[in-house]
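# Fold and contact review
Each chain, written out:
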Number of protein chains: 2
Amino acid sequence: MGTIEFTVEYSSPNTWARLGQLTTPNGVIQTPVFMPVGTQATVKAMSPKELEEVGAEIILANTYHLYLRPGHELVRKAGGLHEFMAWKRPILTDSGGFQVFSLSEMREISEEGVTFRSHLDGSKHFISPEVSMEIQMALGADIAMAFDECVPYPAEYDYTLRSMEMTSRWAKRCLKVHNRKDQALFGIVQGGMYADLRRTSADELTDMDFPGYGIGGLSVGEPEELMCEMLEVTTPRLPKDKPRYLMGVGSPDYLLEGVLRGVDMFDCVLPTRLGRHGTVYTKNGPLTVRNAAYSEDFTPIESDCDCYTCRHFTRGYIRHLLHRDEILGVRLTTLHNIRFLTNLMEQIRLHIKKDTLQEFKDSFLEQYHQGVQ
Amino acid sequence: MGTIEFTVEYSSPNTWARLGQLTTPNGVIQTPVFMPVGTQATVKAMSPKELEEVGAEIILANTYHLYLRPGHELVRKAGGLHEFMAWKRPILTDSGGFQVFSLSEMREISEEGVTFRSHLDGSKHFISPEVSMEIQMALGADIAMAFDECVPYPAEYDYTLRSMEMTSRWAKRCLKVHNRKDQALFGIVQGGMYADLRRTSADELTDMDFPGYGIGGLSVGEPEELMCEMLEVTTPRLPKDKPRYLMGVGSPDYLLEGVLRGVDMFDCVLPTRLGRHGTVYTKNGPLTVRNAAYSEDFTPIESDCDCYTCRHFTRGYIRHLLHRDEILGVRLTTLHNIRFLTNLMEQIRLHIKKDTLQEFKDSFLEQYHQGVQ
């Protein structure tokens, strides 16, 4: 047994959906799973206790942000990310690649790595596969990700090909230097929107025998069908007995489509970001509780939701808090949104077991896309 | 028995300190008590559940703010403040007077009441004793306060005299229109820094037979000795069997001085405001956990504190959160600061019972004023 152990407990006979159990140094996760994002070693507005209460089994932290502030050496001194942020359950850190490409200023990519300027103070930095491993080993999450280049959408075939090939070479360099025994390293499949490149990338990474695989560069602006198509050429080529993680995906419909195509893990900033902007998930679609329409609505966001927010507070009160910039407002919306997604994943797991996921997806999405009356 | 019932359980033989029990429509409070401030129907950054967990027995809400937003009629429609904010324990609302005088723009005071412009949008409003009662009855707290004029420091004798006399007349008008049976109305003693005016005010209000008495216009910039002197001429003239509430006071030393002079209730924005600014209470005095000195301090704020913050998080982590503007940072500092004060009140109550409050005060303040090493 390696650092992590993944067991597929049940595979749907009709779809590619599967139920799994992922055992990590800091606990066992039921898959498919949604991971809330804790960019700066905190899931925005939430306490670790609340995250546990809403059923978050694993969270993601961002290597790029933590490298810049407070610095990975400080986190190492604190005893690692789990100790630093007082989160006892599993953590996954991304590679820093996506943020370097999307947030930093002035970046130069070479075979060696990426030189960039911090979005915080303009200071110059260099991250390579080796540096990313060094940072992630210092952070000490249960799962680290290989350093990759995330190709934007749309992108030319030639550029995407060269980038995918470099991501494969970088993955090998990551494997070579990663030596933390209590941390698993996942490779990342790239290849943009080109089926043949996705297949090649999946095959090359599978040959390197990672304990798990990220699928990167999707949900970057392409149509939903294209994302599904790319998933359909990718997941069948990945080893059945290894977890598959669709990076940066977390809207309810994408979660359902992903699971039906064999994905086991997801992360996304949407539930926390929407919450901060005053939008909450409901079974009838997103509801902008900030709106004037809810000022005298003294019903909960969702009357059948079991979260702390819905058990105690009304839309009218939450709207008041949001309009007055009271912290509790954002706490309550964020808490509900995370619970909405962990609850959706619980339902998804139940329906996989009953072989009714396709039907559940259809009825869930029909109601979801009806919109709030 | 009236709306509230107050029983003095024990009176110190050496000081004016006393232990009491205040029974209100929404629960029983042990006095002396500290009330955290929930200006806009939320104690900033806290959830009701957390407030209960740190031992907050009663909170204060601000009439001025709630009148402006979301409006007292909306709160009435929501079923009152307890329902609106999902706080099951007692609430006290202030009269709006202090905020009208300190926050609003362009105010004109007449015998009838005060005309002012909102600090939010400049709109024109009028609050009189009758309007204040109407608002507070709509809000529906357990305890309402009579509408008063809070005299600034320093103030001339003649102005203070005239203002105190008007406050007495306003108190009578409040009594006349207040008719909510499940809400107690407290009078407010004024009189600035003039002993004879304080005595007259206390006598006049006592004659009106309120179920409790606020002591206003103290801790407004005067030296500590002057505040103590004013308390010493005021509390002995108030009825022994009624609760006494020193308004706007909440620093640890003032709480101790107040209790020793017969005060039963206190409120103050300090613990929440300091928390938001990155300062936390410790037995060795305030500690600015935002400071660089604590970046690699992986010990709790106070190792023997029983709050959620101190049981799980380090100064270094809290500093990181505060510097990154992460909401959890302010949540953790605020939570600790409120617990520090509720814990101080618990200790104060124990020492009253043991007749050791004077000694406790001396040793507590000696350590507190030593400062953090």
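Note that the structure is predicted; figures quoted are calculated from it, not measured.

## Structural notes on the relation of the copies chain B and chain A
When chain B is fitted to chain A, the residual RMSD is 0.0 Å, and the transformation amounts to a turn of 180° plus an axial shift of 0.0 Å. Interpreted geometrically, this transformation is the action of a two-fold axis. Taking C-alpha positions as reference, the residue of chain B nearest the rotation axis is Ile327 of chain B, located at 3.7 Å. Comparing contact sets, 100% of the residues at the interface of chain B also lie at the interface in chain A, consistent with an isologous, same-surface contact.

## A word on the side chain of Thr282 of chain B
Residues and elements named next belong to chain B. For Thr282, the location among the structural elements is in the loop between strand 15 (279-280) and strand 16 (287-288). Under the relative-accessibility criterion, Thr282 is labelled buried at 4%. Here Asn284 takes part through its backbone nitrogen, which lies 2.9 Å from a polar atom of the side chain of Thr282. Of the polar contacts made by the side chain of Thr282, one reaches the backbone oxygen of Gly285; its length is 2.7 Å.

## Remarks on the sheet that holds strand 1 (residues 5-11) of chain A
Residues and elements named next belong to chain A. Taken together, three strands build an open sheet; the order of strands is 1-2-3 and the sheet is antiparallel. At either end of the open sheet lies a strand with only one pairing partner, and these are strand 1 and strand 3 (27-31). Across this sheet, the average inter-strand angle for adjacent strands is 15°, counted without regard to direction. Relative to strand 2 (residues 18-24), strand 1 runs antiparallel, the two sharing six bridges. Within the sheet, the bridge partner assigned to Phe6 lies in strand 2 and is Leu22. Across the sheet, helix 14 (residues 327-353) is in contact with strand 1, strand 2 and strand 3; its angle to strand 2 comes to roughly 125°.

## Concerning the nonpolar core
Residues Leu81 of chain A together with Leu81 of chain B are the most contacted members of the largest nonpolar core, which totals 200 residues. In contact with Leu81 of chain A, other than residues within four places in its own chain, are Ala41, Ala61, Leu66, Val75, Ala86, Ile91, Thr93 and Leu139 of chain A.

## Overview of the pairing of strand 8 (residues 114-117) of chain B
All names here are of chain B. Note that strand 7 (residues 105-109) and strand 8 share three bridges and pair antiparallel. Its bridge partner lying in strand 8, Glu105 is registered against Arg117. Here strand 7 hands over to strand 8 after four residues, the two strands then running antiparallel side by side. Judged from the four bridges that link them, strand 8 and strand 9 (residues 124-127) form a sheet pairing that is antiparallel. Across the sheet, the residue bridging to Thr115 is Phe126, located in strand 9. Between strand 8 and strand 9, which pair antiparallel in sequence order, lie six residues; one of them, Gly122, sits at a positive phi of approximately 75°.

## A look at the side chain of Thr31 of chain A
Secondary-structure assignment places Thr31 of chain A in strand 3. Once residues within four sequence positions are removed from consideration, Thr31 of chain A is found in contact with Phe6, Arg18, Leu19, Gly20, Gln21, Leu22, Asp264 and Arg349 of chain A.

What counts, and where the lines are drawn
- Residues numbered from 1 in each chain as written.
- Chains lettered and ligands numbered in written order.
- Predicted model: local features only at pLDDT ≥ 70, side-chain atom pairs only at ≥ 80, totals over all residues.
- Heavy atoms only, no water.
- Least-squares fit on C-alpha atoms with pLDDT ≥ 70 in both.
- Contact = heavy atoms within 4.5 Å.
- Helix = DSSP H or I, 4+ residues; strand = E, 2+ residues; numbered from the N terminus.
- Buried < 20%, exposed > 50% of the residue type's maximum accessible area, 1.4 Å probe, protein only.
- Polar contact = N/O pair within 3.5 Å; in protein donor to acceptor, adjacent residues only side chain to side chain.
- Pairing = 2+ DSSP bridges.
- Axes fitted to C-alpha atoms, helices over the stretch in contact; angles between N-to-C directions.
- Core = buried A, V, L, I, M, F, W, Y, C linked by side-chain atoms within 4.5 Å.

Read these as layout, nothing more, since geometry by itself doesn't imply function.
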